[in-house]
Amino acid sequence: MQSHHVPSLVLRTFAAPVELRTPRVLLRQWKDSDFNAWAVMNADPEVRRFFPSVLNRSDAQAEGERIRSAIAQRGWGMWALEVPGVHLFAGFVGLNLPRYEAPWMPAVEIGWRLAPAAWHQGYATEGATAALDFAFTHLELPQVVAMSVPTNGPSHRVMDRIGMVRDAAADFDHPRVPDGSPLKRHILHKISPAQWRTHRAQP
């Protein structure tokens, strides 16, 4: 059995929700008006194809409220993704503290989930780049991780584009996915501050 060194975490918090802006996207705190679109996208089997099931409206609302509450408490989290002038709400991109046991915990993960109308336009990569910059510049994290099922090619490509590297030794069975599910096995990508600086310096 391989052992993994897990860095300790000191999580910086902010009194008010942080907003991140890029040339095209805005990462912000969630609004009440976001929740209908959030429920619609999570009822879409294509959006949820790498999850065990779609979400009904009540469960989607509860998940969105948990995300909004985390941002209210820490000042950062899985921000609502807005594309000003194009999409009032296109899903989320941001940072999360997983609440389950895994060999690489504790860690902050980066993630994204977008509505189909916002796919294939680089919004996830642009938002995730801003979130990583925040993670290393303002939160001063020792690393950031990302996870997905092996078949989730779109997410793997975003991870590659933002400079993350797969840690094949850290593949794991997700404790919140039912046993026997083809989505049980997950692979892990990660990135350190030094790797991030090197990636950002590339032309």
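Quick notes on the pattern of salt bridges
Phase 1 of the analysis: If you walk through the whole model with that rule in mind, you get 13 salt bridges.
Phase 2 of the analysis: Across the pair Arg24 and Glu126 runs a salt bridge whose closest N-O atoms are separated by 2.8 Å. Taken together, the residues span a long stretch of sequence, with Arg24 in the loop between β1 (20-21) and β2 (26-28) and Glu126 in helix α3 (residues 123-137) at a distance of 102 residues.
Phase 3 of the analysis: Classification of Glu126 by relative accessible area gives buried; the value is 17%.
Phase 4 of the analysis: With a closest N to O distance of 4.0 Å, Asp133 and Arg200 form a salt bridge. Separated by 67 residues along the polypeptide, Asp133 in helix α3 and Arg200 in helix α5 (residues 193-201) bring together distant segments of the chain.
Phase 5 of the analysis: In this structure Asp133 comes out as partly exposed when scored by relative accessible area, which is 31%.
Phase 6 of the analysis: In this structure, a network of salt bridges that share partners links the residues Arg28, Asp34 and Glu82.

Digging into the packing of aromatic side chains
Phase 1 of the analysis: Following the criterion strictly, the structure yields 10 aromatic pairs and no others.
Phase 2 of the analysis: Judged by centre distance (6.4 Å) and plane angle (40°), the ring pair of Phe136 and Trp196 falls under tilted. With Phe136 in helix α3 and Trp196 in helix α5, the pair connects residues that are 60 residues apart, well separated along the chain.
Phase 3 of the analysis: For Phe136, a relative accessible area of 11% corresponds to the buried category.
Phase 4 of the analysis: Given a relative accessible area of 5%, Trp196 falls into the buried group.
Phase 5 of the analysis: Put simply, the rings of Trp30, Phe35, Trp38, Phe89 and Phe92 pair up and form one aromatic cluster.

Description of the environment of Arg166
Phase 1 of the analysis: If you trace the backbone, Arg166 turns up in strand β7 (residues 165-166).
Phase 2 of the analysis: A sequence separation of 37 residues divides Arg166 from Pro203, and the C-alpha atoms of the two residues are 22 Å apart.
Phase 3 of the analysis: Beyond its immediate sequence surroundings of up to four residues, Arg166 is in contact with Asp171, Ile187, Leu188 and His189.
Phase 4 of the analysis: At 2.6 Å, the side chain of Arg166 forms a polar contact with the side chain of Asp171.

Observations concerning the packing of α3 against α5
Phase 1 of the analysis: Closest axis-to-axis distance for the α3/α5 pair is 11 Å, and the angle between their directions is 135°. One element, α3, and the other, α5, form an angle in the oblique class. Crossing of α3 over α5 shows left-handed handedness. For the pair α3 and α5, the contacting residues are Thr129, Leu132, Asp133 and Phe136 in the first and Pro193, Trp196 and Arg200 in the second.

As for the nonpolar core
Phase 1 of the analysis: Core analysis: the largest hydrophobic core is formed by 52 residues, its most contacted members being Trp79, Leu95, Ile110 and Trp112.
Phase 2 of the analysis: Of all the secondary-structure elements, those providing two or more residues to this core are α1 (35-42), α2 (57-74), β3 (78-82), β4 (91-96), β5 (108-114), α3, β6 (144-148) and α4 (153-161).
Phase 3 of the analysis: It is α3 that contributes the most residues to this core, nine residues altogether.
Phase 4 of the analysis: Non-local contacts of Leu95, meaning those with residues more than four positions away in its chain, are made with Arg74, Trp76, Gly77, Met78, Trp79, Val108, Glu109, Ile110, Ala131, Phe134, Ala135 and Leu139.
Phase 5 of the analysis: Core analysis: the next-biggest nonpolar cluster, separate from the first, contains 10 residues, Tyr100, Met105, Val145 and Phe172 among them.

Digging into the environment of Glu82
Phase 1 of the analysis: Structurally, Glu82 is set in strand β3.
Phase 2 of the analysis: Between the C-alpha atoms of Glu82 and Trp30, which are 52 residues apart in sequence, the distance is 9.9 Å.
Phase 3 of the analysis: Polar side-chain contacts of Glu82 include one of 2.6 Å to the side chain of Arg28.

Parameters at a glance
- Residue numbers here run from 1 along each chain, matching the order of that chain's written sequence.
- Where local features are concerned, this predicted model is filtered to residues with pLDDT of at least 70; where side-chain atom pairs are given and counted, the filter is 80 or more; whole-chain, interface and lining totals use all residues.
- Only hydrogens and water are set aside; all other atoms, that is, all heavy atoms of the structure, feed into the side-chain values.
- By definition, a salt bridge exists where a carboxyl oxygen of Asp or Glu is found within 4 Å of a side-chain nitrogen of Lys or Arg.
- Strands are runs of DSSP state E lasting at least two residues, helices are runs of H or I lasting at least four, and both sets are numbered from the N terminus onward.
- Each residue is assigned to one of three classes by its accessible area relative to the maximum for its type, calculated with a 1.4 Å probe on protein chains only: buried under 20%, partly exposed between the two thresholds, exposed over 50%.
- Put simply, two rings from Phe, Tyr or Trp (the six-membered ring, in Trp's case) pair if the centres are within 6.5 Å, and we call them stacked under 30 degrees between planes, edge-to-face over 60, tilted for the rest.
- Contacts were defined at the residue level, with two residues in contact if any of their heavy atoms lie within 4.5 Å.
- N or O atoms closer than or at 3.5 Å make up a polar contact, with two conditions inside protein: a donor-capable atom paired with an acceptor-capable one, and, for residues adjacent in sequence, both atoms drawn from side chains.
- Inter-axis angles, ranging from 0 to 180 degrees, are taken between N-to-C directions of lines fitted to C-alpha atoms, where helices are fitted over the stretch in contact.
- An angle below 35 degrees is treated as roughly parallel, one above 145 as roughly antiparallel, one from 65 to 115 as roughly perpendicular, and anything else as oblique.
- Working rule for handedness: look at the near helix, and if it is turned counterclockwise from the far one by less than a right angle, call the crossing left-handed; if clockwise, right-handed.
- To define a nonpolar core, start from buried Ala, Val, Leu, Ile, Met, Phe, Trp, Tyr and Cys residues and group those joined through side-chain atoms within 4.5 Å.

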